[in-house]
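Here are the chains, one letter per residue:
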Amino acid sequence: MRGSRSKRKLGRALSSSQEDSKNDDPCGKCNQNVTGNENDGSISCDVCHYWFHCSCLNISKEELAMMGNISGCFWACGKCEPVMLDKAKTFQYMKEISKNALMSVEHAECAQRESRDFIKQAVDRSQKILDSAHALTKSTGVSTQYAAKLKISEATPTMLPSKIERNYENIIVIKNINDFSDAKNSSTIKSAMSKRFNNARFKTAFKTPTGKIIVECADRETAENIVANWDSQIFGGSVCELSKPPKLKLEVILKDIPLPSKILHEAGTSESEMLSEIAGRFPGSKPKRLLRRESGLPLPIVKIELANEEDCQSVLNDGCSVGHLWIKAEPAKQHLPSVIQCYKCLKFGHISRMCHQKSQKCSICTGDHSFKECSKIDDPGNHRCINCNGNHASIDRFCPVRIEKLVKLCKRDDIPLPDSIQAKRLPNGRQ
């Protein structure tokens, strides 16, 4: 039953002297008339507009007077309060959705601008190549199609694998950690480091899956000072050192190299003399013959690890002479990045030393035992993966979860994915 004063201003709390006999509404708690107890005040809900005795709600006279003196005070009864909280949460959720939608629109507009710029640059570059091809046709008489091919090959020479540009000068690496109590997250790591080194400033800090801590300092001086004054008892007897940039392997391969027996028969030189000749042509290089993995027999391929980028680019562009032959060089394929997997719980992203699970999981059937004790090791139909629930072992290199993680690592390092791995990227797992 709604009260006669339901249109009263929201948030108004009345004392018993103000109500008198003008209000005949029953109490929403005890169902008695609100004017029946003149020693007690009453209050109305601003949502359902029911009236309540303050004594029924355990509201003191001081609290009632305080609410009456507050301008715009909003009060809801016990039944209406959860509804108002749900509405507030819904409003906040819709506000976040609107914010994310605006950000998505901004990102789409930015991508559209970048696409237009890329297309414009490609058109300009193509026009320049076509103009150069026409000029070459007039001067030499060759066909325009052949001239365009020559100009395109000149404009796009064979390039080295791209490096990942990172600033390693301000980064320190902490290893051999035995106590991770102060290394739970980025905030605890930076807080522990700041206390020990006079409030030094750090940009980022994180724990790697292999149990190391990477800290990026504000400048090079801070990093060198921390390494020089490092206490081995920090993080339980750890070791700190400056980070080193990754060394890019400058490797090329030469194919169709005669086998050692053929070289000795035709050219009269041995395998070692041929490799020494290549090494002498490029100082600091390390040529070696590749062998078959199964039989160990030599392959007609020689890999050369060069000392600098100039020699590497020169070999890729001009080739290399081997005896009386001139061989075209190709960039060596980069090794795929390794996907970190724990051999205790069989999950990805950490190693067994960092695992929080106590029991060993079987890589064959996901049971709580070692794979050596598994009775299903010779029954492929009962193999089970703990990551994708597929019909294969948890350490299978073609597990869909492992392949997707490998794809992300290859995209990060700009390494092409092999066809054998690409063919296994199926939506329903391995087939």
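Residues numbered from 1 in each chain as written. Predicted model: local features only at pLDDT ≥ 70, side-chain atom pairs only at ≥ 80, totals over all residues. Heavy atoms only, no water.

Asker: Explain the overall build of the protein chain to me, please; I cannot follow it from the model alone.
Answerer: A tally of regular secondary structure across the protein chain gives eleven helices and 13 strands. Counting all 431 residues of the protein chain, 32% fall into the buried class. Sequence separation of 24 or more characterises 51% of the internal contacts of the protein chain that already satisfy a separation of 6 or more. Of the roughly 28400 Å² of accessible surface on the protein chain, 52% is carried by carbon and sulfur atoms. (Helix = DSSP H or I, 4+ residues; strand = E, 2+ residues; numbered from the N terminus. Buried < 20%, exposed > 50% of the residue type's maximum accessible area, 1.4 Å probe, protein only. Contact = heavy atoms within 4.5 Å. Areas by Shrake-Rupley, 256 points an atom, 1.4 Å probe, with all protein chains shown as cover.)

Asker: Honestly, the sheet that holds strand β10 (residues 298–305) in this entry has me stumped. Any pointers?
Answerer: The strands that make up a sheet are held in pairs by hydrogen bonds between backbone atoms, and each pair lies either parallel or antiparallel. Strand order in the open sheet made by the four strands is β9-β10-β8-β13, with antiparallel pairing throughout. The strands lining the two open edges of the sheet, one partner per strand, are β9 (286–291) and β13 (329–331). Strand-to-strand twist across the sheet, computed as the mean angle between neighbouring axes with direction ignored, equals 35°. Bridge analysis of strand β8 (residues 251–255) against β10 gives five bridges, and the strand direction is antiparallel. Among the inter-strand pairings, Ile-253 is bridged to a residue of β10, identified as Lys-303. Docked against the sheet, helix α8 (residues 271–281) engages β8, β9 and β10, running at close to 140° with respect to β9. (Pairing = 2+ DSSP bridges. Axes fitted to C-alpha atoms, helices over the stretch in contact; angles between N-to-C directions.)

Asker: Which parts of the structure should I look at to understand unusual backbone geometry?
Answerer: With the exception of glycine, the majority of residues adopt a negative phi angle, and the majority of peptide bonds are in the trans configuration. Phi is positive for Thr-366, which is not a glycine, with a value near 65°. Within the element layout of this structure, Thr-366 appears in the loop between β13 and α10 (400–413). Phi at Asn-389 is positive, roughly 60°, even though this residue is not glycine. Tracing the chain through its elements places Asn-389 in the loop between β13 and α10. Residue Asn-389 is classed as exposed on the basis of its relative accessible area of 55%.

Asker: Can you help me understand the sheet that holds strand β6 (residues 213–217) in this one?
Answerer: The strand order β5-β6-β4-β7 describes an open sheet built from four strands, whose pairing is antiparallel. Strands with a single pairing partner mark the edges of an open sheet, and in this sheet they are β5 (202–207) and β7 (239–242). Across the sheet, the axes of successive neighbouring strands diverge by a mean angle of 20°, strand direction being ignored. Bridge count between strand β4 (residues 171–175) and β6: four bridges; the pairing is antiparallel. The residue bridging Ile-174 from the neighbouring strand is Ile-213, located in β6. Strands β4, β5, β6 and β7 of the sheet are contacted by helix α6 (residues 220–228), whose axis makes an angle of about 145° with β7.

Asker: Would you explain a nonpolar patch on the surface in this entry?
Answerer: Taken together, the side chains of Phe-118, Ile-119 and Val-123 make up a nonpolar region of the molecular surface, amounting to roughly 330 Å² of accessible area. Residue placement: Ile-119 occurs in helix α3 (residues 80–140). The exposed category is assigned to Ile-119, whose relative accessible area is 52%. (Patch = residues over 30% accessible without salt bridge, like charges linked within 9 Å, V, L, I, M, F, W, Y side chains within 5 Å. Salt bridge = Lys/Arg side-chain N within 4 Å of Asp/Glu carboxyl O.)

Asker: In this structure, what is going on with the pairing of β5? I would like to understand it.
Answerer: One face of the sheet, then the other: side chains in a regular strand alternate in exactly this way. Here β5 pairs with β6 via five bridges, running antiparallel. Note that in β6 the partner of Phe-202 across the bridge is Cys-217. A loop of five residues connects β5 with β6, the two strands running antiparallel in sequence, and Gly-211 in this loop sits at a positive phi of about 90°.

Asker: Mind showing me how you'd approach the nonpolar core here?
Answerer: The nonpolar side chains of a soluble globular protein tend to be buried with one another. In this structure, Ile-174, Met-193, Ile-226, Trp-230 and Phe-235 are the most contacted members of the largest nonpolar core, which totals 19 residues. Only β4, α5 (186–196), β5, β6 and α6 provide two or more residues apiece to this core. Per-element tally for this core: the top contributor is β6, with three residues. If we ignore the near neighbours within four places in the chain, the residues touching Ile-174 are Met-193, Lys-212, Ile-213, Val-215, Trp-230, Phe-235, Ser-238, Val-239 and Cys-240. Counting 18 residues, the second-largest nonpolar core is a separate cluster that includes Leu-250, Ile-257, Cys-312 and Ile-327. (Core = buried A, V, L, I, M, F, W, Y, C linked by side-chain atoms within 4.5 Å.)

Asker: Sorry if this is basic, but what is going on with the pairing of β10 here?
Answerer: Where β9 and β10 come together, five bridges link them in antiparallel fashion. Its bridge partner lying in β10, Arg-289 is registered against Val-302. Counted along the chain from β9 to the antiparallel partner β10, the turn is six residues long, and its residue Gly-296 has a positive phi close to 80°.

Asker: Help me understand α8 in this model?
Answerer: In an α-helix, one turn spans 3.6 residues, which is why side chains three or four residues apart end up on the same side. Among the residues of α8, those classed as buried are Glu-271, Met-274, Leu-275 and Ile-278. Considered in projection along α8, the buried side chains sweep an arc of 95° and stay on one side of the axis. (Arc of directions from axis to C-beta.)

Asker: What's the story with the pattern of salt bridges in this structure? I'm lost.
Answerer: Two side chains that carry opposite charge are able to pair once their charged atoms sit near each other. Counted by the stated rule, this structure contains six salt bridges. Measuring nitrogen to oxygen at the nearest pair gives 3.1 Å for the salt bridge that ties Glu-241 to Lys-175. One end of the pair, Glu-241, is in strand β7; the other, Lys-175, is in strand β4, and 66 residues separate them in sequence. Look at Glu-241 and you get partly exposed, because its relative accessible area is 33%. The salt bridge involving Glu-224 is made with Arg-220; its shortest N-O contact spans 3.1 Å. With a gap of four residues between them, Glu-224 and Arg-220 both fall in helix α6, about one helical turn apart. For Glu-224, a relative accessible area of 41% corresponds to the partly exposed category.

Asker: What should I look at first to understand the packing of aromatic side chains in this one?
Answerer: Each aromatic ring pair is characterised by the separation of its centres together with the angle its planes make. Within the structure shown, the criterion is met by one aromatic pair. Ring geometry for Phe-197 versus Trp-230: centroids 5.9 Å apart, planes at 15°, classification stacked. Of this pair, Phe-197 sits in the loop between α5 and β5 while Trp-230 is found in the loop between α6 and β7, placing the two residues 33 residues apart along the sequence. By relative accessible area, which is 15% here, Trp-230 ends up buried. (Phe/Tyr/Trp six-rings, centres within 6.5 Å; stacked < 30°, edge-to-face > 60°.)

Asker: Before we go on, may I ask you to explain the confidence of the model for the protein chain in this structure?
Answerer: As a general rule, the predicted coordinates of low-pLDDT regions are not to be interpreted in detail. This prediction gives the protein chain a mean pLDDT of 75; 80% of its residues lie at or above 70. Across the protein chain, the secondary-structure element scoring lowest on mean pLDDT is helix α1 (residues 16–19), at 41, and the one scoring highest is β9, at 88. Taken together, the stretch residues 1–22 has pLDDT below 50 and engages in 52 contacts with residues farther than four places along the chain or on a different chain. In this model residues 156–165 is a low-confidence stretch, pLDDT under 50, and it forms 19 contacts with partners more than four residues away in sequence or in other chains. (pLDDT = per-residue confidence, 0-100.)

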